[in-house]
Amino acid sequence: MDSHKDRIASMHLILQVMRLFGLWPWSLSEGEQWTVWGFVKRNYRFLLHLPITFTFIGLMWLEAFVSSNLEQAGQVLYMSITEMALVIKILSIWHYRTAAWRLMHEFQQAPELQLRSQAELDFWQREQRHFKWFFYIYILISLGVVYSGCTGVLFLKDYELPFAYYVPFEWRNERGYWLAYGYDMAGMTLTCISNITLDTLGCYFLFHISLLYRLLGKRLRDLQNTSDELYFGQELRQIFRLHHSVRRLTHTCQTIVSPYILSQIILSALIICFSGYRLQHVGIRANPGQFIAMLQFVSVMILQIYLPCFYGNEITVYAHQLTNEVYHTNWLHCRPPLRKLLNGYMEHLKRPVAIRAGNFFAVGLPIFVKTINNAYSFFALLLNVSK
């Protein structure tokens, strides 16, 4: 019924961008294995990220370590901690790159995940469009943080970098400033695009799994008007097989996204804390560009925590609703063997489904609220210490 491309329609462009930025594996034909172009494709991620991403992040942390006071360190720590979370995301996707590719391939090609009716196809395409446009807006807002900060410093009288990092040469002159500014802008562009596309990939995995649980619920609900017991039993067994595949995909998804979500949640409280502290020392009149960029940054960081918590919560909610959907089937008119089958299925559904971050906590909206509370506590403590 469906085209394979329809199943992951919202991710086609994102995956192309990730491949361009060394975050998604390139496909190699048999003739390219031992060619120069094949070598470049296999090692492209190292050639791109080692001289820019990791070096740039290292210089940021060096600037934080050599700062003479808390206020100067706070100007760079909020971004350094953010970039530290990015390092974990990049290393994680490199480690699980084969598993992530296979999971995406299974989402697209697995025959048991095929959409069987026009109603299912319309539902799937609608949800994919919503996800695509929401994350396109999220990506544009995130890039706006970088370029509003880069633009704002150009209107200042003194030489100032948009995002502080350790510069190993004298840059407070016309020639040196533009070299430092150019590397700053290139580093922030690469790290920003890497960060937001990895966020999008992790959220998409969670989103796709939640859609599959919703699809299970729709197919169970469609059995409410079925009077043919033979057809009812056949459909029920297909639903059981689909559910088994979805549970397996859920565990695979958890393995891939768990390190990224764990690092994001642990570090986010500190990121928001230092961002708020930085916002306290940036005057809107003295530096309006930086002030607006900081407001955008704080908003994006809150959204960056909220999104995986929201989609993780969606998986738990829709998996839990399957028990209610069983009651909506035409089970009262079934013979005892089918009733026993449904009863065994409901016993199976008692096992809770939740994406766990590093086996420490379930990813959901409660952990988002706790993270925001922790960020406020750290912020209040930092303000008291600075006084």
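None of these values were measured; they are calculated from a predicted model. (Residues numbered from 1 in each chain as written. Predicted model: local features only at pLDDT ≥ 70, side-chain atom pairs only at ≥ 80, totals over all residues. Heavy atoms only, no water.)

In this section: the layout of surface pockets. What the second largest pocket holds in volume is close to 220 Å³. Together, Ile8, His12, Leu15, Gln16, Arg19, Trp24, Trp101, Met104, His105 and Gln108 line the second largest pocket. Residue assignment for the lining of the second largest pocket shows that the elements contributing at least two residues are α2 (12-20) and α5 (97-109). Grouping the amino acids of the lining of the second largest pocket by side-chain chemistry returns 5 nonpolar, 4 polar and 1 charged. (1 Å grid on protein atoms, 1.4 Å probe; cavity = no way out; pocket = protein on both sides within 12 Å on 5 of 7 lines; lining within 4 Å. Points joined across faces, edges and corners; volume = space filled by probe spheres on them. Helix = DSSP H or I, 4+ residues; strand = E, 2+ residues; numbered from the N terminus. Nonpolar A, V, L, I, M, F, W, Y, C, P; charged D, E, K, R; others polar.)

We now examine the nonpolar core. Within the largest apolar cluster, 113 residues are counted, with the highest numbers of intra-cluster contacts made by Met104, Phe107, Leu201, Phe205 and Tyr213. Of all the elements, helix α7 (residues 174-221) adds the most residues to this core, at 22 residues. (Core = buried A, V, L, I, M, F, W, Y, C linked by side-chain atoms within 4.5 Å. Buried < 20%, exposed > 50% of the residue type's maximum accessible area, 1.4 Å probe, protein only.)

This part is about empty space enclosed by the protein. Counted according to the given criterion, the structure contains 5 cavities of 30 Å³ or more. By volume, the largest cavity is sized at about 180 Å³. What lines the largest cavity is a set of 15 residues, and nearest its centre among them are Met79, Thr82, Cys192, Asn195 and Phe297. At the level of secondary structure, the elements contributing two or more residues to the lining of the largest cavity comprise α4 (70-95), α6 (118-152), α7 and α9 (288-320). A total of 5 residues in the lining of the largest cavity trace back to one element, the largest contributor, which is α7. The residue makeup of the lining of the largest cavity, split by class, is 9 nonpolar, 5 polar and 1 charged. By volume, the second largest cavity amounts to about 110 Å³. Lining the second largest cavity, in full, are Lys89, Ser92, Ile93, Leu198, Leu201, Gly202, Phe205, Ile256, Val257 and Tyr260. At the level of elements, α4, α7 and α8 (229-280) are the ones that each hand at least two residues to the lining of the second largest cavity.

All of the buried residues along α2 are Ile14, Leu15, Met18 and Arg19. Buried positions in α2, seen along its axis, are confined to an arc of 140° and lie on one side of it. Those residues of α2 that are buried lie in contact with α3 (36-65), α5, α6 and α7. Directly after α2, the chain includes Gly22, whose backbone phi takes a positive value near 70°. (Arc of directions from axis to C-beta. Contact = heavy atoms within 4.5 Å.)

This part is about the environment of Leu267. Counting through the fold element by element, Leu267 comes out in helix α8. Sequence separation of Leu267 and Met84 is 183 residues, and the distance between their C-alpha atoms is 8.5 Å. Beyond its immediate stretch of four places on either side in the chain, Leu267 contacts Ile81, Met84 and Ala85.

This brings us to the pattern of salt bridges. If you walk through the whole model with that rule in mind, you get 6 salt bridges. The partner of Arg248 in a salt bridge is Glu112, with the nearest N and O atoms 3.9 Å apart. In this pair, Arg248 sits in helix α8 while Glu112 sits in the loop between α5 and α6, placing the two residues 136 residues apart along the sequence. Accessibility expressed as a relative area gives 34% for Arg248, which makes it partly exposed. (Salt bridge = Lys/Arg side-chain N within 4 Å of Asp/Glu carboxyl O.)

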